[in-house]
Each structure stands twice: as C-alpha cells, then as structure tokens.
Amino acid sequence: MNFISTSSNTTSQIRLVIFSLFEKAGDGDLDKQIIFLNRKDKDFRGKAQKQVQFNPGQTLATWRVRILSDGEHEQSESFQIVLSEPVMAVLEFPAASTVEIIDPGDESTVFIPQSTYTIEEDVGELFIPVRRSGDVSQELMVICYTQQGTASGTAPTSVLSYSDYISRPEDHNSILRFDKDEREKMCRIVIIDDSLYEEAETFDVLLSMPMGGRIGAEFPSTRITIVPDKDDGKETFMGIPPLPPEPAFYFGNDVYFVDESAGYIEVRVWRTGTDLSKAASVTVRSRKSEPVTAEAGVDYVGISRNLDFSPGVNMQTFRVVILDDLGQPVLEGTEKFELVLRMPMNAALGEPSKTTIFINDSVSDLPKMQFKESVYVVNENDGQISAMIYRSGDIRYTSTVRCYTRQGSAQVMMDFEERPNTDSSVVTFLPGETEKPCTLVLMDDTFHEEEEELRLVLGTPRSDSSFGASIGEQNETLIKIRDDADKAVIKFGETKFSVSEPKDTRQLAVVKIPVLRLGDTSKVSVVRVHTKDGSATSGEDYHPISEAATLGYLQFPQERHLPLVKYYHCQCSAQPLASSESVLELAGTGSFGHGEASGIFSQKPPLQPPSMTKSLAMKTQYEIEFKEGETQHFVEVEVLFDGVREMREAFTVHLKPDENMVAEIQTTKAIVYIEEMNSMADVTFPSVPQVASLLIYDDISRAKDRTSPVAGYPVICITACNPKYEDFDKTGSICASENINNTLTQYRWLVSAPTGPDGVTSPMKEVDFDTFFTSSKMITLDSIYFQAGSRVQCAARAVNSDGNEGLELMSSIVTISTSEGLCQPRISGVVGAEPFSAKLRYTGPEDPDYANLIKLTVTMPHIDGMLPVISTRELSNFELTLSPDGTRVGNHKCSNLLDYTEVKTHHGFLTDATKNPDVVGETIPYQYSPTIRGFNTLRFYRNLNLEACLWEFVSYYDMSELLTDCGGTIGTDGQVLNLVQSYVTLRVPLYVSYVFHSPVGVGGWQHFDLQSELRLTFVYDTAILWKDGIGSPPEAELQGSLYPTSMRISEEGRLVVNFKTEARFHGLFVMSHPASSLTSMVMSADHPGLTFSLSLIRSEPTYNQPVQQWSFVSDFAVRDYSGTYTVKLISCTTAPHQEYSLPVICNPREPITFDLDIRFQQVSDPVAAEFSLNTQMFLLSKKTLWLSDGSMGFGQESDVAFSEGDVIYGRVMVDPVQNLGDSFYCSIEKVFLCTGADGYVPKYNPSNTEYGCLADSPSLLYRFKIVDKAQPETQATSFGNVLFNAKLAIDDPEAIPLVKQPGSDGFKVDSTPLFQVSLGREWYVHTIYTVRSKENANRGIGKRSVEHQYHLLFSGGNPGASTQRRQKRGVEQDPELAKDIGMENSRGTNIQHIALDRTNKKQVSQREVAVSGVLPRELNNQSTGISMVTIIGGTAAIFLAICLIAIIILLLKWKQNSENKEATNEAGSNEPMMLPHNYNSDSSEV
C-alpha cells in the first residue's frame, strides 16, 4: 500500500519500484497494468499498458504516475498498479500495489492570520479578520468569541462599570457565516473607552465549533492587547492613578418663559459623566428671585422634591404649576422665580445648577373684546338689534372699541343706519363691565324683500392700562335681516263655516267665504278656488266650483263680492264685459244638452237659477286676482235643498298656489258644514243593546247568570226598545216618546277570532259578508260566523216611524262559551274534518215519490260553528262560492249550495221545507222561527239533526243529470254471457268541505276539504252504451284542509297544510339564518316516523308585523293524520326603524313553537248498503291488515281483486263517523256466498222482497251459507269438491288480535271454490252481525238456525226432495232471518262484491260443477249430445223427486204448528244452501 497526499498547488508523482529477482543474471521484461479505483485523468494521469525492461543484472526499475490536484476537498481515493505477463521471469507476491490518495490540503480551513493584535483604548471598534483556505466552494460557519484576560468584558445588555470591552459569548449570537467562495469575515469587538488610567490589558479572541470545515493550526486564536491611554489621569501620588470623575447634575436651560394661562412648565435636569452605572439623586427647590416679583402660592406652587436617577438614566423631567388669576384677572407684567439644585448623591453639581422661570400675563390678562355670537337673525320690523360685545382679561380699567358696519346684500339707509368706522361708533367698557351692546337701527318698509345680510366689525381697541387692550378672534358678526312680516300671504279668513240647509227647493242658502291677502300688496297675485266633495255631494247639496274648466279670471276691487255662475255643462268661451257689486254678465255662445243657445247670459243674486236637471251641473272655477293694494275677496257658494234627511254634511273649498309665484298660500282648505234643522242624531236608543244566545231569548234575565252564550246556536241583538229587553218596563215608554220603530232597526255584527292559548285577543272585525242562506245584517247572527272562544258584539241603529235613521249604539263584547255547546268537538279546542258517510242507491220503479231515480245520501257529524258544503265539483274560492252571487249556480249544479229556487235539476239537496219532518215539535227555542232566523236559513238547517249532531243531505238524480250536470262517469267492470249484458259502474265524484268562519282565514273562511267517489254497479242489457266507447274508471283523489288557511291530501296521499303567520314583533319568520345553526321545521310526536318539508311561500315586504304564507307537506303518506303537530319557526328581529330590504337583514332569535292540533283522515270509499247499522265491511287480501286495528286505514287494499288460491279476509267494523269508539261490540253471526243469474246483483231490500244472499230467489244461481256461529253443522263446507275452509276470527287462533278489538269482527274463506263458475259470474258475500253496547254484549252468540230443524227432519231422507220444498217456501214467504234484522234488534247486514282476477285462472272443465245433483240450465245446454243413459237417469230422478215432495208435504202439515212457533224466535236463514230450481233467464235489474 502506498499513500500519497495531494496539494492544491503542486502536481505529485508516485514512483513504483519494481524488483526483479533472478537466480541468474539476465534480461527480461513484464507488463504492468493499472486497475482504477478512482477517477482517471482527474485525480491522476492514466497510462496504457507498458512493459518495464530489466537489463541484465538490473534488479530495480521505477515507473511514475502523475497525481493531479483539483483544488476541491475530497475523501480518500485509491487505484491499483498490477504486474502481469512477465517475460523470462516469474511473478512473486506482491504482484499488485494499491495507491491511496488523501486530500488534507484541500479541506476548508478557517484561521486568524495573526496571533496578536495591539490596539488603543479609544479605537472604539476592533475588527479581527477571520480567513479560510482550501476548498471554498461550500458554506462554512464558525463561532468567534472572546475570553477574558486582564481586561474585563461585559455583556451588551448591561454594561458594568470598569469594563474594557463588550464580550462575545460562545453561542449562536457570535456565529460568523462564510458564503460560497467567500474567504474572509470580520469578527467585531466593541472597546470601551473610559477616563480611568489603566496599564496594558489583554483578552483573547478564539474560534470554535466549525461547520463545513476545520480550524487551522495558525492561528485558532489571537491575543488582543489594549495599551495604556496617555490622555487618562496621570499618576499623582505614589504611582496610584486618580479616581474617575463623578457624574454631574445640571439644568437643561438657565432661563424658562411661560404664559400665566399655561397652567404649568416642564423643566429638565440632566446627569452626565463617564460612569452612570450607579443610582443617584438630587433635590430641586424653588425660591424667590431678587427683587421679589412672583410669589409662591400666588403666582406658582412652590416645590421641594428629590429627583431619583436609576443606573443608566441621564435625564429627568418635572413640572412646576403656574397659578392664573382666572377669577379676577390682574395685569401684572412679567414676574419671575428661581429653581436650584441641592444635595446631590453619587454625583456632583454641574452648571447651570440654577434656572430662572419668567411668568408673562400680558397675553392672557390683557383686556380682550370680541362679539359674543357669530350670527344674529332679526326681522325687519323689529326696529333694531343689539349685538353683545364681551370683554375678558383685566377689567379694572376702562376700555373702548369701535363697532362699525360693513354692508352686504343689505344696503345702508335702505335697510339699516350706518355705523361708521369713527369715534362716533365707539363702545366704552367702564371698570368691572364685561358686556356691552352694539346697537344697530333697522329700516322698515312695506315691500317684501328676501333675506339680506350685513356685518358688524370691531376695531381700534384701547385701554387705560399701560399694556393697552386687544380684540379677540371673533372680531365680527353676521347680521341676517328677514322680512317675514312683509311677505305676501293669501289664505282663507276662517277654516270652518256653517250654513243651514234650505227648507225647500224654492230657497237658497249662501255661504260667503273671505279670501285675505296679508303683507306686501304691491304686486299682482292670481289664485284659483275650487270645491271638493266630502259627505256632501256637489250638484245635490251645493253648487260646485270645479278645477276642471276655466271661465276666465274675475277681477274685483277691494271688498268686492264674487257671485257664483249657475249655468251647468256650458261649453263656453267668455270674456268679462262688465262687473259690478251684484251683476256678472258674460257674452258668448254655449251648448246646453242637445240644444244650442247664444246671447248674453245675465245673473243677479235675487234671481233663481235656470230650471235644469241636477245632472247638468256646470263645472267652473274662480281665478281671483289681487291687484296692487287689494287685501280681500269673497267666494260665495250656494247650498241646495236635497230633500233627504241626513246628518250634518260637509264639503271643502281649496286654494291653489299663486300663479305669479308672489304670495305664499296658507290655510289652503276651509270646511263648510251643512246643518239640518232636524238631525238624525235626535233618534237614539235609551240604552245600549245586549247580546244573548237565542236559547234564552224568552228569558233574558238568565243572561246575567250566563254571560257567555253557548256555541253552536245563533246569538241575538236585543235593543232597549225590544219587549224582550230586561228593563223594557223602563225603556219602553222612552222608545214610544221618541217614536222609535224597533222593527226597522238596522243591525250589524263584529266578531273576533278565538283568544289564543297565550291569552292574546284578536281585533274585532265587522262581519260584512253574507252567505247564500245567512245574512250578517239581521237581528240574529248565525252560528257559522263564530266559534267557541270568539268575541261577539252587535251594533244597532235606531229608526223612527218616519224611516229616519238615528245614532248607532254598540253593545258590550261577549265571549262565546268554550265549555258549553250544542255539538262540541271530540277534543276541546280542536276543529277539523271528521269522517263522513255517502251512499248511492237506485230507488226502483216501486218508489211512490222518486221512482227510477238514483238517491244520493251524505251524512256527516256536526260541530259547533261548522258549515257543511257538498258538491260534485271541486270546491275553491269559498268567499265567492258561499256568497249570494249567482256564479255558484252554474259551477255547482249538484250541491247543497243551491236553494230550491236555484236548482236546475229536478231535485236538489235543499227543498222548500223549513222543518225536519222526522222531528216532532220544536226541541230548541226559535229553531224554526222564520221571523228571527229567515226562511233561507231554516231551509238549510232543515238537514241538521241537532239532537244527534248529524247532517243528512238527500237528493235524487236521474242518470243523465249525474253524467251531464254532476260530473259523473260510466265504466265497464266486465262482460256477462255472450256480450248480451254488461256490468256497468256509475262513478260520481263527491267533494265535501267542513267550513268554519275565521277572521284571519282567506276570504274570512277556513276549510277542511275531503274527496271521495261514489259507485253504483248495475247490469245493462246492451254492451254498447255509447257511440264513442266506454271510458276507463278514473283514479280516486282525496283532498282536505287545515287551519288557519287550508289542508288537503295530495294525489300521493300526502298531507298538505297551508297556514299564515303574523309576527307580533318587528321582524319576520325565516326558514334559516347564516348566524344560527337552527332551521324552521315541523314535527309530530303522534307520528314520530313522519317527516315534513316546510317552505315559505310569500311574505309581505315589511318588518312591521308581516303576514307570511307557509306550507308544509308530509314526506310520506298515512291514513290517519290526526294528532298534534309542532311547528318551529325561526324568529328574526330588526331595528324598530329599519326598512325592508332584500336580502333580509335581521338578527336570528330562538325558534317560536306552535302546537297545531289536526284531526284529518283519508276517507274510504262509501259502501252502498241498507240496514248496515252504520258499519263498514272490507274484503282484504293481506292478513296483516285484517288483524290490524284499522287506525292507519286500509286504503286501496280494500278494493283488490283476488286470484285463484288467495284467502279472502272479511272484516266488519263500526263506522268511525258515529264516534262510537270502544263502547260497542261487533259480532258476526252468519256469512253467505251467492252469485246471480244473468248478471243479477243481489240487494237487500225487504220492502221489495229482495233479501240478497239470505234466501233463495229465481235471480240467484248459487247460494251457500259458509259460516254459522250458532249452528256450525249447517254450514256448506265445499263447492264442487273444493273446500271453502271458512272460519270466524274467534275460531282462528291466529286472529286473536282482531277478536280483542271491540268494534270489529272478521272471517276468512278460500277463493278457489269461487272459480268453479264460468267467466262473467260475479260473487257476493253477505254477512249478518250484531252491534251491541258493552252492557248488552253478552246476551249470547245468536239464535239457533231454523235450518237445523230441516237438517234433523230430513236426515236420512232424499236431499233432492228437501231442496224442492225449501225452494218453494222461500218464494212464498219472507225468510225468518230478515225479520230480526234492524236497529231495534241491534242486528245488521251488509253485502260486498268479491272481485276475482281470472288472468291467472286455472283451466277448468267445460262443464260446470253441479251441486247435490242439480245442474243449471245453461250447463245442461253445453253438452253437444244427449245420451239415452242421461235421459233415463233424469226421468228416474224426476219421478223419485215427485214422490219425495209428496211425502214432505204430508210431514210438513203434521209438524206445521210446532215449526211456526219455533220460527218466530229464530234469527237465521230458513233456506238450505242449494241453488234455485225455477229461475228466470230474462231477469235483468238496474
């Protein structure tokens, strides 16, 4: 291994010595090869292979490799030199040599060039050079710090005494940084120069902690020697240098000047010296000067205080208070006093140690005069003005000042008397005076001038004082002269005039109105005068002066009357010809009505106006011209007799602005009152009226005990002249003397909304709208106009026997009772839509009054204050719909909105009857009194049963009326047989609204809207009904409304609620606000899973209690939406006077919560049935719905078609319209199945001998009793060998939840047997059930069936014979089951159609299944051929049947008495479940 070091300044060479050892001397050679482990031609000079020749006897050879120096510091590098291919020799170890190149010379080295430096003490700053050598291509950092020797160092933050230099610590604050290619930096050291003599002192400067290099050996440090300073103190005693001089205290100035009014003066004391590192202090004192001028306590506040100087502090400031003689200024001249320094500590007193303070009061106490105000405003007619001059300073002497004028827009001698700038304008102040006036005399004239100005100026101040006097900053004032008194003003002489109306048409009354001009009368002014109607009407009560047409202007001298031109509708062009005091003549032409006239028109006041109609009222106006010097004109207006008895009437007379813009118009309006001799105010009631319920009209004394009328019945306004008035014995005589006719009394009513839950009452609003059956101007107010909690007030106007109206008196406000009502809602305070029931039934040809018509019956519960509205057209705009206006007649032809005289169809809901025939007698006072309530009202309320709180509206329509007028449609439900007959369904839309009066609702009404569809299915003989085909049945749409505006149910079944809000604060409600994390929202605790979307529809553009329209929609649909809904709205307030702007700028507050009670349900399609005891029957396909409580409704699940194999779940429940709740039990006793022949639809109408599926009939094809609760052994279990699997809910263990529901019961049956009949057959299910109260619910499960007797009687007999006998009996007399059905026995029945879906029907044999060996006739005809076996078998069967029938007849006669006795107590059907034998194929029924 060979090592070689490179230098940055030289090129090195390496020599390789190669030895050759031979046993024998001779020549030879070998090859040499270099293996490069470093950079060839960069670190060394490479060579190719070269032979080294050894001569004979030579044992040593040298080979050189040049090493290159690059000047950059590098780590150690190496390369190899290898010997190979020897010739005439062999190689021995080592055959290779490694050369390593090290580079210490190129490493960056930092150093101090000198080892010592010698400096003087006063050098100030010492810069030691720090250099670096080697590779300078990179950055380098090194610390340059000091090390204390004999010289002591100090930190730069706190310089210590006797220090010689500022130390450099060995930390980051002493780093020197070398940038790239930078070779030298300076290390700065501050040398402290003091005045102390010191011997030579030393300290060291060192380098340490290099980064990016190393510290050189020459030199890593240097020694600094501070040589002695010859200028410092010399050795004076025994070679010891003197102590350094002490710091000195002295004043900043030796003289200070201050004004007496300055209040204080600031003085500075300095401390100087070489060493201020110690604390020091000095005392400052004040003293009198010689001679004494300023005195302590009078001119200044004496001081004696210490000034403390902390180490390093060289200056202190203090104040001396200067006293000013403000109360009584005295001019004293310049005064002085002295300040001296005493008792220094750690310092000496320097110069100056004394300073003199001079106090000068020649400015502040000098007498100074100036104006007190900068501006004076004066009227020209004031005569003079005094501008006050104020003197300040030393007022012990007499002072004078000149006050003179300088004109502006005001002119000398025209507007004021001049004050010249001479001694004649001097104002003198005597000793002690501070204010004196400078009086200026004004010149008053009669001409109006605009505002003028001049200036008063002060000058030439003098004083008896030797110091003189001065003028202040406000040395002048501005004088403004106004001339309001001379301004021309035109106005009416008075503002109110009174004139009595003439007593007849031959008389006239004239009111004379003066028009005055005040002020400057030197110019001409022209003003116009016209009249304007008030309660008096022009042309009827007075002759007008109009601003519509101009008839020239009229000129009159002073005090001249202006008569009125009394020609009407005269299109004239006139010029004034002459004028006098009483005559006005106009020349020209004009037209009157249709005729022409020309000539001279002359009118004198004593003459009467031309005899023209009042409609030809000439419209004129006056132009009054005030000439020079004129001050007054008169306007005369003639008052007419109108022949109408009225109260005091009034009209106004107006002045227009001056056309010449000279005079100002004031009092531009005058009121003229026309008084009548016999005023209507003479007639009045002797006492205020009283509001009471019509229930106690016959005993008003009870009104004191019942201050709140009951809800749901009209209130009546009882005047003091009504014999029913409680004090009529006192007031009746007064009414007679006043000649008051109480039957002519005029009434009006005021109502407010119910008081809110927070106790806030709504304002009273007049009921100013009538409905088609009520009036708001009657003695009674119908109950639809108020609700429980509403406030009601009546106003009555007395009328005398002559028909003259008197004064109106208001009654006291009464509040409708919230605890008493005729038909209160289920939940107190909650008003909403209740379920209703609607039925559609065909009357048939036997109805004596309404034969072959369709009867529409609508029943709904009544709530106090409710107005039911029924129509087959959609209802909207209730303000117009309920009004007496005739538009409802054309829009709602089939509704209860039409009186019997307005009905366009043959029949309507309202008839001419005013009393319910089912109600005997008058149950409530005045319920049917037409004089009190009116005929229209009674005709409408005839449909209300107040005892049951139920409305029942009945009307009759024929088919064409339902289709053309009522909006009904017809659709096909299926084909019967071979297109001979069709099932047809009539669909009639029905819209029902529960309307309540609401002073805050839209149009004064709030409404809850419901919608349903009525269906009536019948058989039609022809499949082709219309030329254009049959329309498809439309989808049902249910709608409703919500307080306070509206509530409905959308097509998707979602709840839509519209409501209004009125903010009772200055601001509004917002959906959200950026400054709040909350948002407005709607939630319901009764429906926790239901969410809502709330939106703001519109808002009034104001912050002052705006009315805002909101809407929220439920995100999902449920059947029953009843419950409490919480509406949270973000309230946002604004400043009281902030104006509305967009976007809204407001401050969000906590949300306000509103609890909204809603009772609203989606109403199911009504079931058309009789004797149902107000129950509903549903056929369901889902077991979960069958077992549910029905609170969420069944919706469309109750109108489904059943496929083959489905289970039919039947359910009977109490109709919710009756509000029975859980107080009744419903129990199914029997269930029948039947299908009609030729499309017959079974009906239950005992009066028409129709019993549905309960009895055999020629119109029935098949009939089965599938369920009998009392006699289960009599049930039919199968049809065509296919089981019914029919069960009551009580017999099904899985139906326990349904059994536990008191108002419901159910059954189930398989649908597969029903598919055994051919296409076109429709099945019906007929149920018999009992509805009993809880007290009577346990009377038994039902009576034994009569069929059980037949079952026992004919067991073992021929079933065919028994069938024949039972069939005949069913035809001859009513079934026993029908006798017990009715409300008196609490037993009801219901029929429901079973819709079958045959799209997935299984293939059945072409021959239908026969029951008990009897085949329908149509099935027998299906066979293509009749075999002999069939004929013989049929004949034998007929023969056996005849024999059996004969036997049965004999047995029946023998048992007849006992059977009839038992039958009277039975409640079931007495027919077996066999199909009829003698049916008629031509039966067809609608």
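Residues numbered from 1 in each chain as written. Predicted model: local features only at pLDDT ≥ 70, side-chain atom pairs only at ≥ 80, totals over all residues. Heavy atoms only, no water.

Our next topic: the overall build of the protein chain. Looking only at helices and strands, the protein chain features 14 helices and 85 strands. The burial tally for the protein chain puts 46% of its 1486 residues in the buried class. If you take every contact in the protein chain between residues at least 6 apart in sequence, the share linking residues at least 24 apart comes to 73%. (Helix = DSSP H or I, 4+ residues; strand = E, 2+ residues; numbered from the N terminus. Buried < 20%, exposed > 50% of the residue type's maximum accessible area, 1.4 Å probe, protein only. Contact = heavy atoms within 4.5 Å.)

Here the focus is the sheet that holds strand β58 (residues 837–842). Either a parallel or an antiparallel arrangement is found when strands of a sheet pair, and the pairing is made through backbone hydrogen bonds. An order of β58-β59-β62-β61 is seen for the four strands of this open sheet, with the pairing classed as antiparallel. The outermost strands of the open sheet, each flanked by one partner alone, are β58 and β61 (944–945). As judged from the six bridges shared by β58 and strand β59 (residues 854–861), these two strands associate in the antiparallel manner. Paired with Lys 839 across the bridge in β59 is Thr 857. (Pairing = 2+ DSSP bridges.)

This paragraph deals with the state of the cysteines. Taken as a whole and assessed by the stated rule, the structure comprises eight disulfides. Residue pairing for Cys 403: its cysteine sulfur links by disulfide to Cys 438, the two sulfurs lying 1.9 Å apart. Disulfide Cys 403 to Cys 438: torsion about the S-S bond roughly -95 degrees, handedness left-handed. Linking Cys 403 in strand β31 (residues 399–407) with Cys 438 in strand β33 (residues 435–441), this pair joins segments that are 35 residues apart in sequence. (Disulfide = S-S within 2.5 Å.)

Looking now at the environment of Val 799. Counting through the fold element by element, Val 799 comes out in strand β55 (residues 791–799). Overall, the relative accessible area of 3% leaves Val 799 in the buried class. Separated by 60 residues in the primary sequence, Val 799 and Asn 739 have C-alpha atoms spaced 8.6 Å apart. When sequence neighbours within four positions are dropped, the list of residues in contact with Val 799 reads Val 683, Ile 740, Asn 741, Leu 744, Gln 746, Asn 804 and Glu 805.

Moving on, we get to the sheet that holds strand β28 (residues 368–371). In spatial order, the strands read β33-β30-β28-β35; together these four strands make up an open sheet with mixed pairing. One side of each edge strand has no neighbouring strand; the edge strands of this open sheet are β33 and β35 (470–471). With two bridges joining them, β28 and β35 adopt parallel strand pairing. Its bridge partner being in β35, Lys 368 is matched across the sheet by Ser 470.

In total, this model carries 36 salt bridges according to the counting rule given. Close ionic contact of Arg 214 with Glu 107 constitutes a salt bridge, the shortest N to O distance being 3.3 Å. Of this pair, Arg 214 sits in strand β17 (residues 214–215) while Glu 107 sits in the loop between β7 (96–102) and β8 (109–111); the two residues are 107 residues apart in sequence, bridging distant segments of the chain. Given the relative accessible area of 24%, Glu 107 is considered partly exposed. The salt bridge partner of Asp 1256 is Arg 1263, with a shortest N-O separation of 2.7 Å. For the pair formed by Asp 1256 and Arg 1263, the shared burial category is buried. Connected through shared salt-bridge partners, Arg 748, Glu 766, Arg 797 and Glu 808 make up one network. (Salt bridge = Lys/Arg side-chain N within 4 Å of Asp/Glu carboxyl O.)

On to the nonpolar core. One finds Trp 749, Val 792, Phe 836, Met 860, Leu 882 and Tyr 994 to be the most contacted residues of the largest nonpolar core, which totals 103 residues. When residues of this core are assigned to their parent elements, the largest contribution, eight residues, is made by strand β64 (residues 981–997). Core analysis: the second largest hydrophobic core is formed by 30 residues, Met 1177, Ile 1228, Phe 1307 and Leu 1314 among them. (Core = buried A, V, L, I, M, F, W, Y, C linked by side-chain atoms within 4.5 Å.)

Further remarks concern the packing of aromatic side chains. The tally for this structure, following the rule as stated, stands at 37 aromatic pairs. Taking 5.2 Å as the distance between ring centres and 55 degrees as the angle between the ring planes, the aromatic pair formed by Tyr 1103 and Tyr 1140 counts as tilted. Taken as a pair, Tyr 1103 in the loop between β70 (1092–1099) and β71 (1107–1114) and Tyr 1140 in the loop between β72 (1123–1133) and β73 (1147–1158) lie far apart in primary sequence, 37 residues in all. What makes Tyr 1103 buried here is its relative accessible area of 1%. A connected cluster of aromatic rings, assembled from ring pairs, spans Phe 772, Phe 773, Phe 909, Phe 940, Tyr 941, Trp 951, Phe 953 and Tyr 957. Just above the ring of Tyr 941 sits the side chain of Arg 933; from NZ or CZ to the centre is 4.9 Å. (Phe/Tyr/Trp six-rings, centres within 6.5 Å; stacked < 30°, edge-to-face > 60°. Lys NZ or Arg CZ within 6 Å of the ring centre and 35° of its normal.)

Next up on the list: the pairing of strand β22 (residues 280–288). Where β22 lies against strand β23 (residues 304–309), six bridges are found, and the strand directions are antiparallel. Each residue of the ladder has a partner; that of Ser 281, found in β23, is Asp 308. Bridge count between β22 and strand β25 (residues 334–345): seven bridges; the pairing is antiparallel. Its bridge partner being in β25, Ser 281 is matched across the sheet by Met 345.

What follows covers the side chain of Asp 782. Within the secondary structure, Asp 782 sits in the loop between β54 (780–781) and β55. Within the local environment of Asp 782, its side chain forms a polar contact with the side chain of Tyr 941, the two groups lying 2.5 Å apart. Residues in contact with Asp 782, not counting those within four places in the same chain, are Pro 714, Thr 774, Arg 933, Thr 937 and Tyr 941. (Polar contact = N/O pair within 3.5 Å; in protein donor to acceptor, adjacent residues only side chain to side chain.)

Quick look at a nonpolar patch on the surface now. Taken together, the side chains of Tyr 264, Val 301 and Val 321 present a nonpolar region at the surface, about 230 Å² in accessible area. The topology assignment puts Val 321 in strand β24 (residues 315–321). Judged by its relative accessible area of 39%, Val 321 falls in the partly exposed class. (Patch = residues over 30% accessible without salt bridge, like charges linked within 9 Å, V, L, I, M, F, W, Y side chains within 5 Å. Areas by Shrake-Rupley, 256 points an atom, 1.4 Å probe, with all protein chains shown as cover.)

Let's shift gears to the confidence of the model for the protein chain. For the protein chain, the average pLDDT comes to 76, and 75% of its residues sit at 70 or higher. Predicted confidence for residues 1402–1427 stays below pLDDT 50, and this span has 37 contacts to residues more than four positions away or in other chains. (pLDDT = per-residue confidence, 0-100.)

Relative to the helices and strands, Asp 299 is located in the loop between β22 and β23. The exposure class of Asp 299 is buried, given its relative accessible area of 4%. Excluding its chain neighbours within four sequence positions, the residues that come into contact with Asp 299 are Glu 260, Thr 293, Ala 294, Ile 322, Leu 323, Glu 332, Glu 335 and Ile 359.

A large share of β59 lies buried, amounting to seven of its eight residues. In the sheet, β59 pairs with strand β62 (residues 950–957) via eight bridges, with the strands oriented antiparallel. Bridge pairing in β62 places Thr 857 opposite Val 954.

By the element assignment, Ser 281 lies in strand β22. Since its relative accessible area comes to 12%, Ser 281 is described here as buried. Not counting chain neighbours up to four residues away, the residues in contact with Ser 281 comprise Phe 249, Leu 307, Asp 308, Met 343, Pro 344 and Met 345.

Those residues of helix α1 (residues 728–737) lying buried are Thr 731, Gly 732 and Cys 735. One side of α1 carries all its buried residues, which in axial view fall inside an arc of 115 degrees. In α1, the exposed residues that point more than 90 degrees away from the buried face are Asp 729, Lys 730, Ala 736 and Ser 737. Where α1 ends, the next residue or the one after it, Asn 739, has phi of about 60 degrees, a positive value. (Arc of directions from axis to C-beta.)

Of all residues except glycine, most have a negative phi; of all peptide bonds, most are trans. A cis geometry characterises the amide bond from Phe 93 onward to Pro 94, with omega recorded as 0 degrees. Note on placement: Pro 94 falls in the loop between β6 (77–87) and β7. Cis peptide bonds are those with omega within 30 degrees of zero, and the linkage from Glu 290 to Pro 291 qualifies with -5 degrees. Look at Met 413: it is not a glycine, yet its phi comes out positive at around 70 degrees. In this model, Asn 852 sits at a positive phi of 55 degrees, which is unusual for a non-glycine residue. Within the secondary structure, Asn 852 sits in the loop between β58 and β59. Note on Asn 852: relative accessible area 41%, which makes it partly exposed.

Right, let's talk about the environment of Ser 133 for a bit. Tracing the backbone shows Ser 133 in strand β10 (residues 125–133). What makes Ser 133 partly exposed here is its relative accessible area of 30%. As for Ser 133 and Asp 106, which are separated by 27 residues in sequence, their C-alpha atoms are 8.0 Å apart. Look past the residues within four positions of Ser 133 in its chain and what remains in contact with it is Glu 107, Ser 108, Thr 109, Phe 111 and Arg 183.

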